[in-house]
Amino acid sequence: MQVLHDAPLAPLTTFRLGGPATRLVTAGTDAEVIAAVREADDSGAPLLVIGGGSNLVIGDKGFDGTALRIATRGFELRGNTLELAAGEVWSDAVARTVEAGLAGIECLAGIPGSAGATPIQNVGAYGQEVSSTITEVIAYDRRAGRTVTLTNEECAFSYRHSRFKADPDRYVVLRVRFGLEDADGLSAPLKYAETARALGVATGDRVPLADARETVLKLRAGKGMVLDPEDHDTWSAGSFFTNPILTDEQFAAFHARVRERLGEGVEPPAYPAGEGRTKTSAAWLIDKAGFTKGYGTGPARISTKHTLALTNRGEATTEDLLALAREVVDGVRAAFGVTLVNEPVTVGVSL
C-alpha cells in the first residue's frame, strides 16, 4: 500500500482537472482496500474512491480527506463466468473476453475506467449495458463492516443508475462477476442501429466478435470517446449528460417546444423507456439549442467530434468546465424545457 500526502488528483482523472487530496492511498489488493476504508471510517476522515478516474469532476480546491485509488488486478474465466477485480482496466478486459470468444460486453469496448466502476454507473453504450451480464458484485459494506455479495437483482440496476450510486457512501466494489455467452465466436444480437449500419447488417443480427469490437472502437474514436493523450477531445468524461427520460406529459410539452422552435416537421429522437416514459437524446438537445461541436472560446469547450462531451483543451480549471456545463444546461432548459443531468460524479463542486 502506497501513501502520499498533499497528492495531485488531476493526473488520476481523464479530465486532468482538480486539486490535491490531503492523503492518497493506492491499494493493490482487496485486503488493502478494506484496510484503507476501515482506517478512514474509524478516523472519521472523508473518503473518495478512485478507479480509472473517467467519471470524476474534482473541484479546484481538491479533496480534504483520504482518496483511495483502487489498483487491484485479477481476470479469471471459468467457463462462461468472468470475475474481474475492481481495479482491472475495463477496455482491456473487454478485449480479452473477445479473444476468448465470449459475447455480452463486446459493444462496451473502448469505455475508459475500471471494472469496479461499471456496476455503479450501470455502464452502457451501443446497445449493451453491464446490468445485462453482471451476475454478482462483491463489495465491502461500510455500514455493516463486512464483505457482501450482491446479486444482479439486489444491485437495483436502472438507466445509468444502481444501488451503489443511490447510496454512494455505503459500498466499495471489490470484484464483479459476469455471465457471458459462447455463441461460436459471434457477438450478442446487435441492438444499436448505428453499429448494425456500420457493419452492414440488420439490428438483431450477430457478427464475429472481433468485428463488433473493432466497429465500436472506430465509432467511439470518431466521437473522441477513446482515450488519446494527444487529442484534447478525449480529455473528458465521455458523455457529460445522461439522456433525459420524460413522462408522457413532459414529452408532450417538450414536443410542443420543438415544433415551436424548429418547425412542425421536426421530430425529436424518441425511444421507449418503460410504461409512460420516453427517452430522448441529450446530444440532440444540446446541438439544437445552439451548442454545436467545438462550441466555446475558453479552455473548456464542447468536443469538436461530439456535442455530448465537454473537454479540457489543456489549460482549463474545473470552474471553467462547470461554467460551460451550466451554460449548456441553462440553454437547453430555456430552449426545450428539459433539464439535463450530469453523468460524472462531482467532488467538492456541483452544477
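A brief look at the structure comes next. The model shown is predicted, which means the values in this text are computed figures rather than measured ones.

Definitions and cut-offs
- Residues numbered from 1 in each chain as written.
- Predicted model: local features only at pLDDT ≥ 70, side-chain atom pairs only at ≥ 80, totals over all residues.
- Heavy atoms only, no water.
- Pairing = 2+ DSSP bridges.
- Helix = DSSP H or I, 4+ residues; strand = E, 2+ residues; numbered from the N terminus.
- Axes fitted to C-alpha atoms, helices over the stretch in contact; angles between N-to-C directions.
- Contact = heavy atoms within 4.5 Å.
- Core = buried A, V, L, I, M, F, W, Y, C linked by side-chain atoms within 4.5 Å.
- Buried < 20%, exposed > 50% of the residue type's maximum accessible area, 1.4 Å probe, protein only.
- Parallel < 35°, antiparallel > 145°, perpendicular 65-115°, else oblique.
- Nonpolar A, V, L, I, M, F, W, Y, C, P; charged D, E, K, R; others polar.

Now for the sheet that holds strand β10 (residues 134–141). Taken together, five strands build an open sheet; the order of strands is β6-β7-β12-β10-β11 and the sheet is antiparallel. Looking at strand neighbours, the two that pair on one side only are β6 (75–78) and β11 (146–151), the edges of this open sheet. Neighbour-to-neighbour, the strand axes of this sheet turn through a mean angle of 20°, independent of strand direction. Alignment of β10 against strand β12 (residues 171–179), held across seven bridges, turns out to be antiparallel. Across the sheet, D141 pairs through a bridge with Y171, a residue of β12. The sheet strands contacting helix α1 (residues 30–43) are β10, β11 and β12, and the helix crosses β12 at an angle near 150°.

Moving on, we get to the sheet that holds strand β1 (residues 2–8). The four strands lie next to each other as β1-β2-β5-β3, forming an open sheet whose pairing is mixed. Because the sheet does not close on itself, it has two edges, and the strands there are β1 and β3 (47–50). Ignoring which end each strand starts from, the neighbouring axes of this sheet average 25° apart. Pairing between β1 and strand β2 (residues 20–27): six bridges, direction antiparallel. Bridging across to β2, H5 finds its partner in R23.

Residues L84, W90 and F178 are the most contacted members of the largest nonpolar core, which totals 36 residues. Elements with a contribution of two residues or more to this core: β7 (81–85), α2 (90–99), β10, β11, β12 and α6 (209–222). With residues up to four places along the chain from it excluded, the contact list for F178 reads N80, T81, L82, L84, W90, T118, V130, T133, I134 and T135. The next biggest cluster of nonpolar side chains, apart from the first, holds 34 residues, and it includes F15, A237, F254 and A282.

Here we take up unusual backbone geometry. Positioned with a positive phi, R16 is a non-glycine residue whose angle comes to about 60°. For R16, the position within the fold is in the loop between β1 and β2. Phi at D184 is positive, roughly 55°, even though this residue is not glycine. Mapped onto the elements, D184 comes out in the loop between β12 and α5 (193–199). Residue classification places D184 among the exposed positions, given a relative accessible area of 74%.

A few words now on the side chain of Q128. As for its placement among the helices and strands, Q128 is situated in strand β9 (residues 128–129). Judged by relative accessible area, which is 9%, Q128 ranks as buried. Apart from the residues lying within four places of it in its own chain, the contact partners of Q128 are G104, I105, E106, C107, L108, V123 and A188.

Attention shifts here to the packing of helix α7 (residues 248–262) against helix α9 (residues 318–336). Interaxial distance between α7 and α9 falls to 8 Å at its minimum, and their mutual angle equals 90°. By the criterion of interaxial angle, the relationship of α7 to α9 is roughly perpendicular. Counted together, F254, R257, V258, R261 and L262 of α7 and R333, A334, A335 and F336 of α9 form the full contact between these two elements. Split by residue class, the contact of α7 with α9 holds six nonpolar, no polar and three charged.

Along the chain, G185 turns up in the loop between β12 and α5. Overall, G185 belongs to the partly exposed group, its relative accessible area being 32%. Placed 79 residues apart in sequence, G185 and E264 show a C-alpha to C-alpha distance of 47 Å. Leave out the neighbours within four places in its chain, and G185 touches G101, V207, P208 and L209.

Nothing here speaks to function; it is all geometry.
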